[in-house]
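Coordinates in review
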Amino acid sequence: MKVIKAHIRSACSLFLILCASQLVWGQNVDPTTNYFISGQGVAPWEFSLQFGQVKLENNSGKTIKGALKASPAKRHAEGDSIRLKWTPKDVRTEWGSQNENIYYATLNNGAKHFDLSSVKDQAALVFDVRVIKAPKDHVNISMESGWDWKTRSSIPIKAPLKKLPKKKWVSFPVPLQCFDNGKLDFSKITTVFMLNTSDKMELEIGDIRLAAFPADKVTCAKR
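Here is what the cut-offs are and how they apply
- Residues numbered from 1 in each chain as written.
- Predicted model: local features only at pLDDT ≥ 70, side-chain atom pairs only at ≥ 80, totals over all residues.
- Heavy atoms only, no water.
- Pairing = 2+ DSSP bridges.
- Helix = DSSP H or I, 4+ residues; strand = E, 2+ residues; numbered from the N terminus.
- Buried < 20%, exposed > 50% of the residue type's maximum accessible area, 1.4 Å probe, protein only.
- Salt bridge = Lys/Arg side-chain N within 4 Å of Asp/Glu carboxyl O.

Overview of the sheet that holds strand E8 (residues 104-108)
With respect to topology, 6 strands assemble into an open sheet ordered E4-E3-E8-E13-E10-E11, the strand pairing being antiparallel. Both edges of this open sheet fall to strand E4 (54-55) and strand E11 (148-156), since each of them pairs with a single strand only. Alignment of strand E3 (residues 46-49) against E4, held across 2 bridges, turns out to be antiparallel. Directly across from Leu49, in E4, lies its bridge partner Val54.

Structure below.
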């Protein structure tokens, strides 16, 4: 798996496509590089729980038994971010195994796929995060392509999350290179952000976007 060690600095001059990430909400925000801005999904991107089975209303919703709850949060203004709270629950599938799907928060779309192949070597997925309760168990951030779970690429981020200062907003970059598992098709990204853990954790998530990341600053652990 691949681990992120560097902090991000935007550099729009590297790629014109990334310049759209500097636009403010209310203007023509490009969904190729901006995914969740000021508490709203940039269409066709949509935040949901349990792989879309739980639709959010005003960033509010919960999975079975409240195993994962979403609620609106405030960074600069009311509702400009989302709070996600994981609480372990004994929920079984029809086959008797633990239902892990109830712990997934996803930002995906059913309208079209997006081509990130031209920038995958010099860009990062960046999300603003505020840790309320640090994770105790594994935490994965994932991407998928072509609406196919078999392409899913997951990166463990428990360790770096635990090192973040509590209750302070931090921009957390994940270089796209680190998602390259040989199955993910960067030309057909359909789930750009997926977060899950099966233990207690509470985070607030702000803007999620793409930004430039120098290739020589990327450090990824071996899979």
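What about unusual backbone geometry?
Cis geometry marks the peptide bond from Ala43 to Pro44; its omega dihedral reads 10°. Tracing the sequence through the fold places Pro44 in the loop between strand E2 (40-41) and E3. Of note in this structure, Ser38 is not a glycine but carries a positive phi near 55°. Within the secondary structure, Ser38 sits in the loop between strand E1 (34-37) and E2. Among the residues examined, Ser38 registers a relative accessible area of 30% and is labelled partly exposed. For Trp147, which is not a glycine, the phi torsion comes out positive at approximately 55°. The residue Trp147 is located in the loop between strand E10 (139-145) and E11 in this model. A relative accessible area of 47% places Trp147 in the partly exposed class.

Looking at the pattern of salt bridges
Going through the model one piece at a time under the given rule, you end up with 10 salt bridges. Arg83 is paired through a salt bridge with Glu202; the nearest N and O atoms lie 3.1 Å apart. One end of the pair, Arg83, is in strand E7 (residues 78-86); the other, Glu202, is in strand E14 (residues 201-212), with 119 residues separating them in the sequence. Classification of Glu202 as buried rests on a relative accessible area of 12%. Linking Arg83 and Glu204 is a salt bridge whose minimum nitrogen-to-oxygen distance equals 2.5 Å. Of the two residues, Arg83 is situated in strand E7 and Glu204 in strand E14; the sequence distance between them amounts to 121 residues. When its relative accessible area of 26% is taken as the criterion, Arg83 is described as partly exposed. Each of Arg83, Arg130, Glu202 and Glu204 takes part in a single network of salt bridges with overlapping partners.

On their own, these measurements won't tell you what the molecule is for.
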